[in-house]
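Observations on the model geometry
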Amino acid sequence: MSDIDTGITTPPAPCAPEDVRRIACVGAGVIGGGWVAHYLARGYDVTAWDPAPDAGQKLRRLVEAAWPALTQLGLAEGASPDRLTVTPTLEEAVADAQFVQESAPEKLELKRDLLAKLDAAAPAGVVIASSTSGYPMTDMQTEATDPGRLVVGHPFNPPYLIPLVEVVGGDKTAPHAVTWTSRFYEVAGKSVITMASEVPGFIANRLQEALWREALHMVANGEATVKEIDDSITEGPGLRWAFMGPMLTFALAGGEGGMAHMLDHFGPSLKSPWTRLEAPELDKKLYDAVVAGCDDAADGRTIADLVAERDQGVIDVLRATGRLPQQRAKEDTK
């Protein structure tokens, strides 16, 4: 990604990341709505647009449902759901935006067309970030007049709760746009990984999907139930992963010898048939088994109940590990 190599003449963003006050969120489903809730909680003015006729009502319900969790996380000064405006057109949503977050469904042609429309409508130089969960920006920026300002800003669901966002540009993205975007997300309270190069699915999703594929194999083969799979993580490695990732966790398995001893001792087992990385065929039998298994695991709890339980659980972990926004802010001022 080089301005010189690609001939990009993308102008710098019209304001510094620290000076952003107005954000446009295009696409107001689960991910887009989660972004709206996050930005409102951080004190921004947010304009939103979604083509669904009832999008405004659903979005406001999502923000209302998320607000208790956001209040526990710590609201920025001036934060309020009243700072949300739902516009009737895409053009109105981005007309005076200082940053644009696109969160449309994962359909490549739709993404290409929408990003081109956003590029045409947004003020010059304003960065446009896509929440795509898997497409490289190189594949999505093909129809934009100014592809240099198009960046991936991949969140984890729900964006108002999970700190991670992965930032990476495409072949035609201007490097300064990537740098600006990473800094903006940091200012907006996110934990940022700025990737050096594009990888389909980015980092976290690739790791998550590997685990998901193996879980489906075990259900398909009758080797484990949905509840057993979930319990094996929440009562096992998930407890470690909340504050230490898999690499350092495995390094500790090597004792005083660290990762070197771990690789020497357990390296040969990598060839053992412990995992099947190819996805299983999602036939009706497996589909029904997974759906029924989740219903059993929910044990009468509604989706709303599970969302509340998840939100509180994440907040408790963030608080226990010193990663609530207000805790981080205190650390930064020391």
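Everything discussed here concerns the structure shown above.
Note that this is a predicted model, so its numbers are computed, not measured.

Cut-off values and rules
- Residues numbered from 1 in each chain as written.
- Predicted model: local features only at pLDDT ≥ 70, side-chain atom pairs only at ≥ 80, totals over all residues.
- Heavy atoms only, no water.
- Helix = DSSP H or I, 4+ residues; strand = E, 2+ residues; numbered from the N terminus.
- Buried < 20%, exposed > 50% of the residue type's maximum accessible area, 1.4 Å probe, protein only.
- Contact = heavy atoms within 4.5 Å.
- Areas by Shrake-Rupley, 256 points an atom, 1.4 Å probe, with all protein chains shown as cover.
- Expected span 1.5 Å × (residues − 1).
- Core = buried A, V, L, I, M, F, W, Y, C linked by side-chain atoms within 4.5 Å.
- Pairing = 2+ DSSP bridges.
- Axes fitted to C-alpha atoms, helices over the stretch in contact; angles between N-to-C directions.

Points about the overall build of the protein
Secondary structure assignment for the protein yields 15 helices and eight strands. Its C-alpha atoms give the protein principal-axis dimensions of about 55 × 50 × 50 Å. Expressed as a percentage of the 334 residues in the protein, the buried residues total 41%. Sequence-distant contacts in the protein: of pairs separated by 6 or more residues, those separated by 24 or more amount to 72%. When the accessible area of the protein is evaluated, it comes to approximately 17,700 Å², of which 58% is carbon and sulfur surface.

Some thoughts on the side chain of Ser-182
Positionally, Ser-182 belongs in helix 7 (residues 175-187). Among the residues examined, Ser-182 registers a relative accessible area of 6% and is labelled buried. Here Ser-182 is in contact with Val-167, Val-192 and Thr-194, once residues within four sequence places are set aside.

Some remarks on helix 5 (residues 108-121)
For helix 5, built from 14 residues, the straight-helix expectation of 20 Å at 1.5 Å per residue is met to within 8% by its first-to-last C-alpha distance of 20 Å. Contacts from the buried residues of helix 5 go to strand 1 (22-26), helix 4 (90-94), strand 4 (99-102), strand 5 (128-130), helix 6 (137-140) and strand 6 (150-155).

Quick look at the nonpolar core
Note that soluble globular proteins tend to have their nonpolar side chains buried in a common cluster. Membership of the largest hydrophobic core comes to 42 residues, with the highest contact counts inside it found for Val-36, Tyr-39, Phe-99, Phe-184 and Tyr-185. Where this core is concerned, the elements lending two or more residues are strand 1, helix 2 (30-41), strand 2 (45-49), helix 3 (55-73), strand 7 (164-169), helix 7 and helix 14 (303-320). Setting aside anything within four residues of it in sequence, one finds Tyr-39 in contact with Ile-23, Cys-25, Tyr-44, Val-46, Phe-99, Gln-101, Phe-184, Tyr-185 and Ala-188. One finds Ala-122, Val-126, Leu-150 and Phe-202 within the second-largest nonpolar core, a separate group that totals 23 residues.

Quick look at the sheet that holds strand 7
Strands belonging to one sheet form pairs held by backbone hydrogen bonds; the direction of such a pair is parallel or antiparallel. Taken together, the eight strands give an open sheet; going across it, the order is 3-2-1-4-5-6-7-8, and neighbouring strands pair in mixed fashion. In this open sheet, the two strands that pair with only one neighbour each are strand 3 (84-86) and strand 8 (191-194). The average undirected angle you get between the axes of adjacent strands in this sheet is 25°. Across the face of the sheet, helix 3 comes into contact with strand 2 and strand 3 while running at roughly 160° to strand 3.

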